[in-house]
Amino acid sequence: MEAVYPYAHIIHLVLAIMFLGYVFTDVVMISKIKDANKVVGKISFKIFPLSLLVIVLTGGIMISKYINSSAGFFETDLQKLLVLKMTFASIIVLGVLFNVFTKFTGREKPSFMVNHFHKVVLALGLGIVIIAKMMFIV
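These lines cover the structure that appears in this document, whether it is placed above or below. Just so you know, these numbers come straight off a predicted model, no measurement behind them.

Details of the overall build of the protein chain
Working step 1: A tally of regular secondary structure across the protein chain gives five helices and zero strands.
Working step 2: Reading the protein chain from its N end, one meets helices and strands in the order α-α-α-α-α.
Working step 3: Put simply, the protein chain has 138 residues, and 33% of those count as buried.
Working step 4: In the protein chain, the share of contacts with a sequence separation of at least 24, taken over all contacts with a separation of at least 6, comes to 69%.
Working step 5: Taking the average place of the 13 positive charges on the side chains of the protein chain and the average place of its 6 negative ones, the gap between the two points comes to 9 Å.

Some words on the pattern of salt bridges
Working step 1: Enumeration over the complete set of coordinates arrives at one salt bridge.
Working step 2: Two residues, K65 and E2, come together in a salt bridge whose shortest N-O distance is 3.6 Å. With K65 in helix α2 (residues 34–66) and E2 in the segment before α1 (5–28), this pair connects stretches of sequence that are 63 residues apart.

Quick notes on the nonpolar core
Working step 1: In this structure, F19, V23, I92, V96 and V121 are the most contacted members of the largest nonpolar core, which totals 19 residues.
Working step 2: When residues of this core are traced back to their parent elements, those giving at least two are α1, α2, α3 (77–105) and α5 (117–134).
Working step 3: Sort the elements by how many residues they give to this core and α1 lands first, with six residues.
Working step 4: With near-sequence residues (within four places) excluded, V96 lies in contact with P49, L52 and F117.
Working step 5: Grouped together as the second largest cluster of nonpolar side chains are eight residues, I63, L78, L82 and V83 included.

As for the packing of α2 against α3
Working step 1: The contact between α2 and α3 brings their axes to 11 Å, and the two run at 155 degrees. If you check the angle between α2 and α3, you find them roughly antiparallel. At the point where α2 passes α3, the crossing takes the left-handed sense. Of the residues in α3, those touching α2 at F45, P49, L52, V56, I63 and Y66 are L78, Q79, L82, M86, I92, V93, V96, N99, V100, K103 and F104.
Working step 2: When its residues are assigned to classes, the contact of α2 with α3 shows 14 nonpolar, two polar and one charged.

How each quantity is defined
- Counting restarts for each chain, with residues numbered from 1 along the sequence as it is written.
- Per-residue local features are limited, in this predicted model, to residues with pLDDT of at least 70; the limit for side-chain atom pairs, both in listing and counting, is 80 or more; totals at the level of whole chains, interfaces and linings are taken over all residues.
- Side-chain figures throughout are based on the complete set of non-hydrogen atoms in the structure, without hydrogens or water.
- By the criteria applied, helices consist of DSSP H or I runs no shorter than four residues and strands consist of E runs no shorter than two, each listed in order from the N terminus.
- Relative accessibility thresholds used throughout: buried, under 20% of the residue-type maximum; exposed, over 50%; partly exposed, between the two (1.4 Å probe, protein chains only).
- We call two residues contacting when some pair of their heavy atoms lies within 4.5 Å.
- Residues scored as charged are limited to Lys and Arg (positive) and Asp and Glu (negative), so that His and the chain ends carry no count.
- Note on charges: their place is set at NZ of Lys, CZ of Arg, CG of Asp or CD of Glu.
- One speaks of a salt bridge when a side-chain nitrogen belonging to Lys or Arg is within 4 Å of a carboxyl oxygen belonging to Asp or Glu.
- In these notes, a set of buried Ala, Val, Leu, Ile, Met, Phe, Trp, Tyr and Cys residues joined through side-chain atoms within 4.5 Å is what counts as a nonpolar core.
- All axes are obtained by fitting lines to C-alpha atoms, using only the stretch in contact for helices, and the reported angles, taken between N-to-C directions, cover 0 to 180 degrees.
- Angles below 35 degrees are treated as roughly parallel, those above 145 as roughly antiparallel, those between 65 and 115 as roughly perpendicular, and all remaining angles as oblique.
- Left-handed is the label given to a crossing in which the near helix is rotated counterclockwise from the far helix by less than a right angle, and right-handed is the label when the rotation is clockwise.
- When residue character is reported, Ala, Val, Leu, Ile, Met, Phe, Trp, Tyr, Cys and Pro are called nonpolar, Asp, Glu, Lys and Arg charged, and the others, Gly included, polar.

This is how it looks when you write it as structure tokens:
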């Protein structure tokens, strides 16, 4: 697993930058333009659930280096921050899964998901970035 870590890290970072960059662009610009939102939304729906899956898988590979049966789970500040980071990421993943579910079942999304979910994702994503940097200085 140690040999895979640098590759997982690079893939994780590139996809996370793209994912969070899209969410930032959507919150700041795309959501303000109705026609653009419809076109970009259709394209992003095809790309971003898959990229989020790869982000989660590569994140799991990286987490296993710091949280495991021999290293412990809540022994160090780094591990505690990783768990917080995983919690933030889990909220994002659950929201995306809910959106995918509503898309495939034809159900209407609650107004919160339509109007505010990307704002929550942006805040959680920025929190994840800050925590990622703090993990190695505490």
